[in-house]
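Structural overview for review
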Amino acid sequence: MAIDEIKYSFTQRLILNILSLLTIVAQAPYLNRFLPPIMAGGFHVDLLVSVIISLIFVFLLRWIFKPLVIPVFLTICCIMLVNNFGTGYSFYNITNDYKGMVQGNWVAKDSKQLDILSLYPKKVESYRDKTVRGIREKINYNDSTVRNFSIKHSLDYYDTYFFKYGSIVRFLSLFRYINSNFKYVLDSRRDEYFATPRETILNGLGGDCDDHSLLMTSCLQSIGARTRIVLIKGHAYPELYVGSKEDFEVMKQAIILFFPRPPIKEIYYHELKGEYWINLDYSARHPGGPYLNDRVYALIEL
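In what follows, the accompanying structure is described. Along each chain, residue indices are assigned from 1 in the same order as the chain's sequence is written. Totals for whole chains, interfaces and linings use all residues, but because this is a predicted model, local features are given only for residues with pLDDT of at least 70 and pairs of side-chain atoms are given and counted only at 80 or more. Here the side-chain values reflect all heavy atoms present in the structure, with hydrogen atoms and water set aside.

With respect to the overall build of the protein chain
Only DSSP runs of H or I covering at least 4 residues are called helices, and only runs of E covering at least 2 are called strands; the numbering of each starts at the N terminus. Regarding its fold elements, the protein chain presents 12 helices and 10 strands. Projecting the C-alpha coordinates of the protein chain onto the three principal axes gives extents of approximately 85 × 40 × 30 Å. For every residue, the accessible area (1.4 Å probe, protein chains only) is compared with the maximum for its type, and the residue is labelled buried under 20%, exposed over 50%, or partly exposed between those bounds. The buried share of the protein chain, reckoned over its 302 residues, is 49%. Pairs at least 24 residues apart make up 67% of the contacts formed inside the protein chain by residues separated by at least 6 positions. Under the convention used here, a 1.4 Å probe and the Shrake-Rupley method define accessible areas, while residue burial counts only the protein chains that appear. Counting only carbon and sulfur atoms, one obtains 61% of the accessible surface of the protein chain, whose full area is about 15900 Å². Computing the positive centroid from 34 side-chain charges and the negative centroid from 29, the protein chain places the two 4 Å apart. A contact between two residues is defined here by any heavy atoms of the two lying within 4.5 Å. Here the positive residues are Lys and Arg and the negative ones are Asp and Glu; neither His nor the chain ends is included. Just so you know, the charge point we use is NZ for Lys, CZ for Arg, CG for Asp and CD for Glu.

Shown next as C-alpha cells:
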C-alpha cells in the first residue's frame, strides 16, 4: 500500500521530487544503451522511451515507499563518481548521450553528395585505368595479419554500446583507431606505389591516400562490412556501405554520439536507388565528413 504523502512537509516533498527527477535523468541514458534504435516520424526516440521506463520505475519506487528514492539516487551518484576514474558509465556519458539525442534529432543535417557518382554511376565503373587496376590488385581482406589487426582494434572503443548498435560499434571503433594513427607519407616522385594492407600495418600505418583506402576497406571487409574505394581528382577515399534510409539514420545517430567533438553539423553521403554510403576519408574528423571534391572518375567495389 502506498505511503500517505500528507505527513510530508512541503520542503520534504520538494526534495524528494527533485531527487526523483535527477534519478530519472541519470538512469535513462544508461538504460538506453540496452534498447535497440527506435525511430518514429524520422526522429530517434529510444532515449525518450528510456526516460519513460525510468519514470515508471521511480513512480513505482515512490508508490511502495517514497524515501527509497534517496538511497537509489545516492547509489547512482556513487557509481557514476567511481566510474569517472575508470572506463564505466559516468557523468560525462550522461551528458554526451543527451547531447547526442539533441544533435541527431535537431542539429545535424543530411547532405547528399551530388556528382557523377550519384547521377551517372555507369560512367565510373570502368576498371581499365591503371590506377584502378593497381589498387584493385592490392586489396586483401583475407590476410591473417589484416584480420587479426581488424579484430583487435574493432574492440578498442564503444563496446558498451554493442547491444544497441551491433556491428556498427565494431566498424566505427576500427575507423577511429586507423584514422587516429594513420600518418601521411608521400610516394616516390617517379612512380605511384600501392601498398597492401599488410604492408601498411607492418610499417606502422604510414602511407598516402590510396594506401589508407586499401587499409581501411580491407580491414572493414575482414570483419563483415561492405566497402568500396572512390577515386576523385588528385585523391582516393574509402566508403562504407550503410544500407537503407533507416539504416543510415541509425548509423548517423551512432556517429553523432561517438564523435561529439566538435559537434557534427552535417553527415555527407552518397545514395543511389536507396543504397547509402558514407565517407571514411582520413581527411575527415568523423565518418561521413566532407568530401574533398566531387570530380569522381573511378569506383572500385570490393
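So, helix α6 (residues 130–138)
Of the positions making up α6, those classed as buried are Val132, Gly134 and Ile135. The buried residues of α6 occupy an angular sector of 165° when projected down its axis, which confines them to one face. Away from its buried face, by an angle of more than 90 degrees, α6 presents the exposed residues Lys130 and Glu137. For α6, the secondary structure elements touched by its buried residues are α11 (209–222), β6 (227–232) and β10 (296–301). Taking the helix axis as origin, the arc is that swept by the directions to the C-beta atoms.

Quick notes on the side chain of Asp46
Among the structural elements, Asp46 can be located in helix α2 (residues 46–65). A relative accessible area of 5% means that Asp46 is categorised as buried. A distance of 2.5 Å separates the side chain of Asp46 from the side chain of Lys164, its partner in a polar contact. Excluding its chain neighbours within four sequence positions, the residues that come into contact with Asp46 are Asn32, Leu35, Pro36, Pro37, Ile38 and Lys164. Side-chain atoms alone can form a polar contact between residues adjacent in sequence; in general such a contact is a pair of N or O atoms within 3.5 Å, and within protein one must be able to donate a hydrogen while the other accepts it.

Notes on the nonpolar core
Grouping buried Ala, Val, Leu, Ile, Met, Phe, Trp, Tyr and Cys residues that are joined through side-chain atoms within 4.5 Å yields what is termed a nonpolar core. Judged by nonpolar contacts, the single largest core of 40 residues is most densely connected at Tyr165, Leu172, Phe258 and Ile278. If you list the elements that add at least two residues to this core, you get α7 (144–154), α9 (167–181), α11, β7 (235–243), α12 (245–258), β8 (266–272) and β9 (275–279). The contacts of Ile278, once residues within four sequence positions are left out, are Pro238, Glu239, Leu240, Val242, Phe248, Met251, Ile255, Tyr268, Tyr269, Pro287, Gly288 and Tyr291. Formed by 11 residues, the second largest nonpolar core is a distinct cluster that contains Cys209, Ile229, Leu231 and Ile300.

Regarding the packing of helix α1 (residues 10–32) against helix α3 (residues 69–83)
Note on method: axes are straight lines fitted to C-alpha atoms, helices fitted across the in-contact stretch only, with angles between N-to-C directions ranging 0 to 180 degrees. Closest axis-to-axis distance for the α1/α3 pair is 9 Å, and the angle between their directions is 40°. On the basis of the axis angle, α1 is oblique to α3. In terms of crossing hand, the pair formed by α1 and α3 is left-handed. On α3, the residues touching Leu16, Leu19, Ser20, Leu22, Thr23, Ala26 and Gln27 of α1 are Val69, Ile70, Val72, Phe73, Ile76 and Met80. Classifying every residue of the contact of α1 with α3 by side-chain character gives 10 nonpolar, three polar and no charged. Any angle from 65 to 115 degrees is called roughly perpendicular, while one under 35 is roughly parallel, one over 145 is roughly antiparallel, and all others are oblique. Left-handed is the label given to a crossing in which the near helix is rotated counterclockwise from the far helix by less than a right angle, and right-handed is the label when the rotation is clockwise. Residue classes follow a fixed rule: Ala, Val, Leu, Ile, Met, Phe, Trp, Tyr, Cys and Pro count as nonpolar, while Asp, Glu, Lys and Arg count as charged, and any other residue, Gly among them, counts as polar.

Points about the side chain of Glu239
Note on placement: Glu239 falls in strand β7. Among the polar contacts listed, one links the side chain of Glu239 to the side chain of His270, at a separation of 2.6 Å. If we skip the residues at most four places from it in the chain, Glu239 touches Leu117, Arg226, Thr227, Arg228, Val230, His270, Trp277, Ile278, Asn279 and Tyr291.

Re the pairing of β6
In terms of burial, β6 is a largely internal element, six of the six residues being buried. The side-chain alternation of β6 yields two buried faces, one formed by Thr227, Ile229 and Leu231 and the other by Arg228, Val230 and Ile232. Pairs of strands are assigned from DSSP output, requiring at least two bridges between the strands. Where β6 lies against β7, six bridges are found, and the strand directions are antiparallel. Bridge pairing in β7 places Thr227 opposite Leu240. Here β6 hands over to β7 after two residues, with Gly234 in that stretch at a positive phi of 75°.

Just distances and angles here, no functional claims.
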